[in-house]
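Given next are the chains, with one letter for each unit.
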Amino acid sequence: LEKGKSVVTSLELLSLMLESPDPKTTCKSILKIGKDYRLLSKFFEDYKNYNTAAYLKLEVLQKDSKQGSESENLEDLITDETILHGSTPHSQQISSRLEFLQFLIQNSTLALTKEDVDSLWSVCVTESVIPDDIAQFMRWLSNCMLGKGGKLNKVKPKAKGDKSDKEERKIYDAFDAKSSASMFSKLEKTYKHAKTGKPVFVTPEWYSCFANTFISTNKKNGAFDSNGYVKDYDKIRGRNALWNFALREPNPIVRGQAQKFLVSAHIKLDINMKGDSKIHVLKCFLEKCSSELSMQKKAEENKNNA
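Residues numbered from 1 in each chain as written. Predicted model: local features only at pLDDT ≥ 70, side-chain atom pairs only at ≥ 80, totals over all residues. Heavy atoms only, no water.

Novice: Which parts of the structure should I look at to understand the packing of helix H3 (residues 39-65) against helix H5 (residues 114-126)?
Specialist: Each pair of packed helices can be summarised by the angle the axes make with each other and by the distance between the axes. Following both chains from N to C, one finds H3 and H5 inclined at 20°, their axes separated by 9 Å at the closest point. Here H5 runs roughly parallel to H3, going by the angle between their axes. You can see that H3 and H5 cross each other, and the crossing is left-handed. Between H3 and H5, the contacting residues are Leu40, Phe44, Tyr47, Lys48 and Asn51 on the first element and Asp116, Ser119, Leu120, Val123 and Cys124 on the second. (Axes fitted to C-alpha atoms, helices over the stretch in contact; angles between N-to-C directions. Helix = DSSP H or I, 4+ residues; strand = E, 2+ residues; numbered from the N terminus. Parallel < 35°, antiparallel > 145°, perpendicular 65-115°, else oblique. Left-handed = near helix turned anticlockwise from the far one by under 90°. Contact = heavy atoms within 4.5 Å.)

As structure tokens, this is what we get:
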């Protein structure tokens, strides 16, 4: 991992070495090796180095295939079997790294920090090699952030002096509070690719991850009830992002999904919500609609005048 050689095989072997029939032993092993060898730092550093090497190779393939002219769709040049760096196909290079990270999270009390989230987002989104890498990451993220019931099932270490044989399991978040908030804020925004400077477009997988995290986040902060119905409208986080996805996202599939969800988020109200609160929700929705229509009309007038 440190040298960037046979990384896919090394990660698979490391998972086998760390995994034990006793979940508590697996947890301790992961935490120990993570601390002693700065495992996550090395993991993200390797991921970044792989992306750089793979992207350089992809640019060479692109120029060769077009005799020096650039193609708009770099991802068209590679298949599931294309090797960009090392001896393993690119798609497997990405999936193996994500699977290893999920193994660490699922089998220990390890939670990704805000700094880890920044590194993860960088290698998986803004420095990704092809758009499909982002889609693959978003599918992974949805599973990792939500899992069953919104969290992952992890082993709870026993207290000192506890000699009982009873295995105790507890639900832990894959991310700590700050990193979870940081990841949600990243899902709300749009970005430019670090190498090309071109916009990184929101894919259906990205929006699906945002929508699921939107519900999970607002359940936690009390804005939604356990069934996903609005309980406290003013507490809802991510409303502006939802409006942007619904009205300004270039991808028609994403835009359509966001529009349906936007309307649903304003009419699925908690049965116990008071009448005044229900009126407040609908009033806010109508005022926002009016504001957006006015902005659109003004933009068209300016365009015509220009």
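After that view of the structure, there is still more to cover.
Novice: Would you take a moment to explain helix H4 (residues 90-106) for this structure?
Specialist: Residue pairs spaced three or four apart in an α-helix point in one direction, given the helix's 3.6 residues per turn. When the terminal C-alpha atoms of H4 are compared, their 24 Å separation across 17 residues agrees well with the 24 Å that a helix rising 1.5 Å per residue should span. Within H4, 13 of the 17 residues are buried, leaving the element largely enclosed by the surrounding structure. (Expected span 1.5 Å × (residues − 1). Buried < 20%, exposed > 50% of the residue type's maximum accessible area, 1.4 Å probe, protein only.)

Novice: Just to check I follow, could you spell out helix H9 (residues 239-248) for this structure?
Specialist: The set of residues buried in H9 consists of Ala241, Leu242, Trp243, Phe245 and Ala246. Residues of H9 that are buried sit in contact with helix H7 (177-188), helix H8 (204-220), helix H10 (252-267) and helix H11 (275-305).

Novice: I tried to follow the nonpolar core on my own but got confused; where do I start?
Specialist: General note: in soluble globular proteins, nonpolar side chains tend to be found buried as a group. By size, the foremost hydrophobic cluster in this structure holds 72 residues, and its most contacted members are Phe137, Met138, Trp206 and Tyr207. A total of nine residues in this core trace back to one element, the largest contributor, which is H3. Those residues in contact with Met138 that sit more than four places away from it in its chain are Trp121, Val125, Leu187, Glu205, Trp206 and Cys209. (Core = buried A, V, L, I, M, F, W, Y, C linked by side-chain atoms within 4.5 Å.)

Novice: Any chance you could explain the pattern of salt bridges here in plain terms?
Specialist: Think of it this way: side chains of opposite charge can pair up when their charged atoms draw near. Evaluated as defined, the whole model comprises 11 salt bridges. Between Glu188 and Arg237 there is a salt bridge, with its nearest N and O atoms 3.7 Å apart. Within this pair, whereas Glu188 is found in helix H7, its partner Arg237 is found in the loop between H8 and H9, the two being separated by 49 residues in sequence. When its relative accessible area of 22% is taken as the criterion, Glu188 is described as partly exposed. Where Glu292 meets Lys288, a salt bridge forms, and the shortest distance between an N and an O atom there is 3.3 Å. Of the two residues, Glu292 and Lys288 are both situated in helix H11; the distance of four residues between them amounts to about one turn of the helix. Its relative accessible area of 11% is what places Glu292 among the buried residues. (Salt bridge = Lys/Arg side-chain N within 4 Å of Asp/Glu carboxyl O.)

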